[in-house]
Amino acid sequence: SVTPATALSEGEHTASATQTDPAGNTSEADEVTFTVDTTAPPAPVITGPATGSTITDNTPTVTGTGVPGSTVTVSVDGTEIADDVLVDGDGNWSLPLTTPLPDGEHTVAATQTDEAGNTSAEVSSTFTVDTEVPDPPVITAPVDGSSINDSTPTVTGTGEPGATVTVSVDGT
């Protein structure tokens, strides 16, 4: 084996070898071409679940983009769940989660490793899983069973903070 005296530059290189026997006969050369790649790829992009989003699916598919041919390592809440998610030729990757996540905040993190074995920096996305159906809102006015002298009453009440309450009168 031979190690080059100076480091090879990034890019394609060709190594060749011949051998000469004690009688002085020299073989044909054997050649191999290889690429030196010591640069880590950029961090992958996590496109879903989006950072800051609230989702109702507790087994979401984690999706993203990266360098075609790279593999993505994915962790959820600090636990690695896959290290072999392939980035396709269009630069996309996806990983369906099979273990349900409990309601609450979660963080998905990912790195990608290129074909030469260089690993990117980590990127993450924090999102919230909310699968619990809220309690019905409470109508506080007009009071149930009351008689009022206003033909355009304001309907008021309370509900879960952050929820959207839809009110209808006589079904419309």
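On a predicted model such as this, the values are computed, not experimentally measured, just so you know.

Q: Give a description of the overall build of the protein that names residues and reports values.
A: Scanning the protein for helices and strands turns up zero helices and 12 strands. Listing each helix as α and each strand as β along the protein from the N terminus yields β-β-β-β-β-β-β-β-β-β-β-β. For the C-alpha atoms alone, the extent of the protein along its principal axes is close to 120 × 25 × 25 Å. Evaluated residue by residue, the protein yields a buried proportion of 23% over its 172 residues. The contacts of the protein with a sequence gap of at least 6 include a subset with a gap of at least 24, amounting to 51%. Accessible area for the protein stands at about 11700 Å²; split by element, carbon and sulfur atoms hold 50% of it.

Q: Before we move on, could you go through the side chain of His13 and cite the residues and values that matter?
A: Tracing the backbone shows His13 in strand 1 (residues 11-17). A relative accessible area of 17% places His13 in the buried class. A distance of 2.7 Å separates a polar atom in the side chain of His13 from the backbone oxygen of Ser9. Excluding residues within four positions of it along the chain, His13 makes contact with Leu8, Val32, Thr33, Phe34 and Val36.

Q: Please give an account of the environment of Val62 that cites residues and values.
A: Tracing the backbone shows Val62 in strand 5 (residues 61-65). Under the relative-accessibility criterion, Val62 is labelled buried at 0%. Along the sequence, Val62 and Ser151 sit 89 residues apart, while their C-alpha atoms lie 51 Å from each other. Excluding residues that lie within four positions of it along the chain, Val62 makes contacts with Ile46, Gly48, Pro49, Trp93, Ser94, Leu95, Leu97 and Val108.

Q: Can you tell me about the nonpolar core, naming the residues and giving the values?
A: Grouped together as the largest cluster of nonpolar side chains are 17 residues, with contacts concentrated most on Val72, Val74, Val85, Trp93 and Val108. Broken down by secondary-structure element, the contributors of at least two residues to this core are strand 6 (71-76), strand 7 (79-86), strand 8 (92-96), strand 9 (104-113) and strand 10 (123-129). Tallying contributions element by element places strand 6 first for this core, with three residues.

Q: Kindly report on the sheet that holds strand 9, identifying the contributing residues and their values.
A: Where strands meet in a sheet, backbone hydrogen bonds hold them as pairs that are either parallel or antiparallel. Read from one edge of the open sheet, five strands run 4-10-9-6-7, paired in mixed fashion. On the outer flanks of this sheet lie strand 4 (54-55) and strand 7, each paired with one strand and no other. Where strand 4 and strand 10 come together, two bridges link them in parallel fashion. Looking across to strand 10, one finds that Thr54 is bridged to Thr128.

Q: Which residues make up the sheet that holds strand 5, and what are the values?
A: The strand order 3-5-8 describes an open sheet built from three strands, whose pairing is antiparallel. Two strands in the sheet have a free side with no partner beyond their single neighbour: strand 3 (45-48) and strand 8. Ignoring strand direction, the axes of neighbouring strands in this sheet form an average angle of 30°. By the bridge criterion, three bridges tie strand 3 to strand 5 in an arrangement that is antiparallel. Paired with Ile46 across the strands is Gly64, a residue of strand 5.

Q: Please set out the side chain of Asn118 residue by residue, giving values where relevant.
A: With respect to the helices and strands, the residue Asn118 is situated in the loop between strand 9 and strand 10. Under the relative-accessibility criterion, Asn118 is labelled buried at 15%. At a separation of 3.3 Å, a polar atom in the side chain of Asn118 contacts the main-chain carbonyl oxygen of Thr39. Ignoring sequence-local partners within four residues, the contact set of Asn118 consists of Asp37, Thr38, Thr39, Ala40, Pro41, Gln112 and Thr113.

Q: Tell me about the environment of Ala121, and please be specific about residues and values.
A: Locating Ala121 in the fold gives a position in the loop between strand 9 and strand 10. For Ala121, the residues in contact, after removing those within four places along its chain, are Ala43, Pro44, Ala110 and Thr111.

What counts as what
- Residues numbered from 1 in each chain as written.
- Predicted model: local features only at pLDDT ≥ 70, side-chain atom pairs only at ≥ 80, totals over all residues.
- Heavy atoms only, no water.
- Helix = DSSP H or I, 4+ residues; strand = E, 2+ residues; numbered from the N terminus.
- Buried < 20%, exposed > 50% of the residue type's maximum accessible area, 1.4 Å probe, protein only.
- Contact = heavy atoms within 4.5 Å.
- Areas by Shrake-Rupley, 256 points an atom, 1.4 Å probe, with all protein chains shown as cover.
- Polar contact = N/O pair within 3.5 Å; in protein donor to acceptor, adjacent residues only side chain to side chain.
- Core = buried A, V, L, I, M, F, W, Y, C linked by side-chain atoms within 4.5 Å.
- Pairing = 2+ DSSP bridges.
- Axes fitted to C-alpha atoms, helices over the stretch in contact; angles between N-to-C directions.

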